[in-house]
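Examination of the molecular architecture
Below, each chain spelled out in residue letters.
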Number of protein chains: 2
Amino acid sequence: MTFPGLLATSSGLVKARLDQALIGMDDEPVIHAMRYAVQGGKCLRGFFVLESAALHGIAPANAVAAAAAIEAMHAYSLVHDDLPCMDDDDLRRGLPTVHRKWDEAVAVLAGDALQSLAFELLTDAALGPHRLALIAGMAQAAGARGMVLGQALDIAAETAASPLTLAQITRLQAGKTGALFEWSVTAGAVLAGADTAPLGRYAAAIGLAFQIADDILDVTGDATKAGKRLGKDAEAGKATFVSLLGLEGAKARATALIDEATTALAPYGARAENLTAAARFVIARDS
Amino acid sequence: MTFPGLLATSSGLVKARLDQALIGMDDEPVIHAMRYAVQGGKCLRGFFVLESAALHGIAPANAVAAAAAIEAMHAYSLVHDDLPCMDDDDLRRGLPTVHRKWDEAVAVLAGDALQSLAFELLTDAALGPHRLALIAGMAQAAGARGMVLGQALDIAAETAASPLTLAQITRLQAGKTGALFEWSVTAGAVLAGADTAPLGRYAAAIGLAFQIADDILDVTGDATKAGKRLGKDAEAGKATFVSLLGLEGAKARATALIDEATTALAPYGARAENLTAAARFVIARDS
């Protein structure tokens, strides 16, 4: 199967599990906004959960709640990140952002409830005996040592006296994107009680490559395909991997990271071919 | 010990556990805001966790992480509830609200990270073998079937064509305050793997009494003692238990609920005297 085909298959499973979790809720704007926010998107993080589970012999039915959890968590982060007091974006995944379609209060609350939903999904008994480790890992990756710290550093960078250095941007991205990426990629090993180290190395490399690719897309991409506003970092005078390394330097760094990622998969042999394809996709995508 | 004395003791334990959880985090505004947001307050929910644990023979050391978790969750809800797009409040617990002391972005992110922290605290191994049930219960109570739904209904009420009915307000409060109240009060029974039904009945009664007392305070209270703006419901023309039942009617209903709550404690006999004192405190407090 082609990689987009694999992604579509896992996305279908994840969306069905999210639909199931959101069934029977009240007919209120905040609930509609939650359903809206989890639609669309590549579902890359959910794919990583299902694929790393498969790599450890865990069937989709025993991993899909974790894949749905990470997509709920990711959706919450986008809804809050798009708020006027944060990145102030009108468009996400080709549609109006939640606070534009409803209002800011609905966006704050829908994001809050999506975070709760992520943790609720992780308590699903189908995930088996290691789910507490997944919960602890997600709480750490999402919180003030992980994603929220990265977001805070990102916002602080907008008003900083001087642009960030490469070390500072790398640290920012390790929190903002990297922590939940690593959670997704290692989830299958955690569920199996197996060694997470090789997948952790793969995750660190593709997490950074993903962000470099985002910075490249922000400069060279097509806003229609990306489904969001582009060029905003340059507009804001923010340092990015492209501004610091140059376009060619950034592309070369991303390619080197993908090599690093695929090398980290060596212990799994041919069984890791889908993760190898995912690594290539991360820097070749147009959205 | 007097009830305020009991409350101060449990508050001290809970604050120490929260301090421990927040140690070693980065020196960023969002982290300072998290520490700021968990300071002050009555710590009533944390008290309920420790007291219901004690009722089931569980030592404070094996329950305090859950008490800290509910206080982190409560603090997040206050930070977001105070935002300009929500209740737009400048004062909380006698101090400037987080978005007034820092800014809206810091308030959104600090609230988000406090929610993550609540779940992280619930994975503490000291809580023993039933902590997954606590996590699932908190996720449900905090999310779109619980607190967030209540908040959403509350905000919708502000622009509703007609004031809410008593049934509608009762439903709203069951979500907004009741769900996490019930979680706190039943936490000890959950940790012990014991029957939660008697404490559940107690919690439902005092949760509602607490909210009626809040509505009474909003009309008759002293803003300096309460540490927040009062009179805002009447100002906004919102239906409250006081506007619907009258001041005397509301007081009578709260008193009847406290009788109901103490009756529910009968199975525990004299061991529940602190919870009986807590029920009386809930309607006698001035903040």
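Description of the structure in this document. Quick caveat, the model's predicted, so the values are computed rather than measured.

1. Thoughts on the overall build of chain A
The helix and strand tally for chain A stands at 15 helices and 2 strands. Relative to the compact-globule value of 19 Å for 287 residues, chain A shows a C-alpha radius of gyration of 18 Å, a close match. In terms of principal-axis extent, the alpha carbons of chain A reach across some 50 × 50 × 35 Å. Looking at chain A residue by residue over its 287 residues, the buried ones come to 58%. Residue pairs at least 24 apart in sequence account for 73% of intrachain contacts in chain A once pairs closer than 6 positions are excluded. When the accessible surface of chain A is split by element, carbon and sulfur atoms take 54% of a total near 10900 Å². Here chain A holds 24 positive side-chain charges and 32 negative ones, and the gap between their average locations is 4 Å.

2. Some remarks on the relation of the copies chain B and chain A
In the superposition of chain B on chain A (RMSD 0.0 Å, axial shift 0.0 Å), the rotation amounts to 180°. Considering both components of the superposition, the chain copies are consistent with a two-fold axis.

3. Considerations on the pattern of salt bridges
Residues and elements named next belong to chain A. Tallied over the entire structure, the rule returns 14 salt bridges over all chains. The salt bridge partner of D90 is R100, with a shortest N-O separation of 3.4 Å. Of the two residues, D90 sits in the loop between α4 (64-81) and β1 (91-92) while R100 sits in helix α5 (residues 98-101), which places them 10 residues apart along the sequence. Overall, the relative accessible area of 42% leaves D90 in the partly exposed class. Judged by relative accessible area, which is 53%, R100 ranks as exposed. Note that K176 is salt-bridged to D154, the shortest N-O span being 2.5 Å. Of this pair, K176 sits in helix α9 (residues 166-192) while D154 sits in helix α8 (residues 147-158); the two residues are 22 residues apart in sequence, bridging distant segments of the chain. Overlapping salt bridges bring together D154, E158, K176 and K238 as one network.

4. Here's the deal with helix α3 (residues 44-55) of chain A
All names here are of chain A. With 12 residues, α3 extends 16 Å between its outermost C-alpha atoms, agreeing within 8% with the 16 Å of an ideal straight helix rising 1.5 Å per residue. Counting buried positions over the 12 residues of α3 gives 11, a clear majority of the element. All buried positions along α3 are accounted for by L44, R45, G46, F47, F48, V49, L50, E51, S52, A53 and L55. Among the structural elements, α1 (3-22), α4, α9, α10 (197-220) and α15 (273-284) are those in contact with the buried residues of α3. Where α3 terminates, the next one or two residues include G57, which has phi positive at roughly 75°.

Calculation notes
- Residues numbered from 1 in each chain as written.
- Chains lettered and ligands numbered in written order.
- Predicted model: local features only at pLDDT ≥ 70, side-chain atom pairs only at ≥ 80, totals over all residues.
- Heavy atoms only, no water.
- Helix = DSSP H or I, 4+ residues; strand = E, 2+ residues; numbered from the N terminus.
- Rg over C-alpha atoms; globule rule 2.2 N^0.38 Å.
- Buried < 20%, exposed > 50% of the residue type's maximum accessible area, 1.4 Å probe, protein only.
- Contact = heavy atoms within 4.5 Å.
- Areas by Shrake-Rupley, 256 points an atom, 1.4 Å probe, with all protein chains shown as cover.
- Lys, Arg positive; Asp, Glu negative; His and termini not counted.
- Charge placed at Lys NZ, Arg CZ, Asp CG, Glu CD.
- Least-squares fit on C-alpha atoms with pLDDT ≥ 70 in both.
- Salt bridge = Lys/Arg side-chain N within 4 Å of Asp/Glu carboxyl O.
- Expected span 1.5 Å × (residues − 1).

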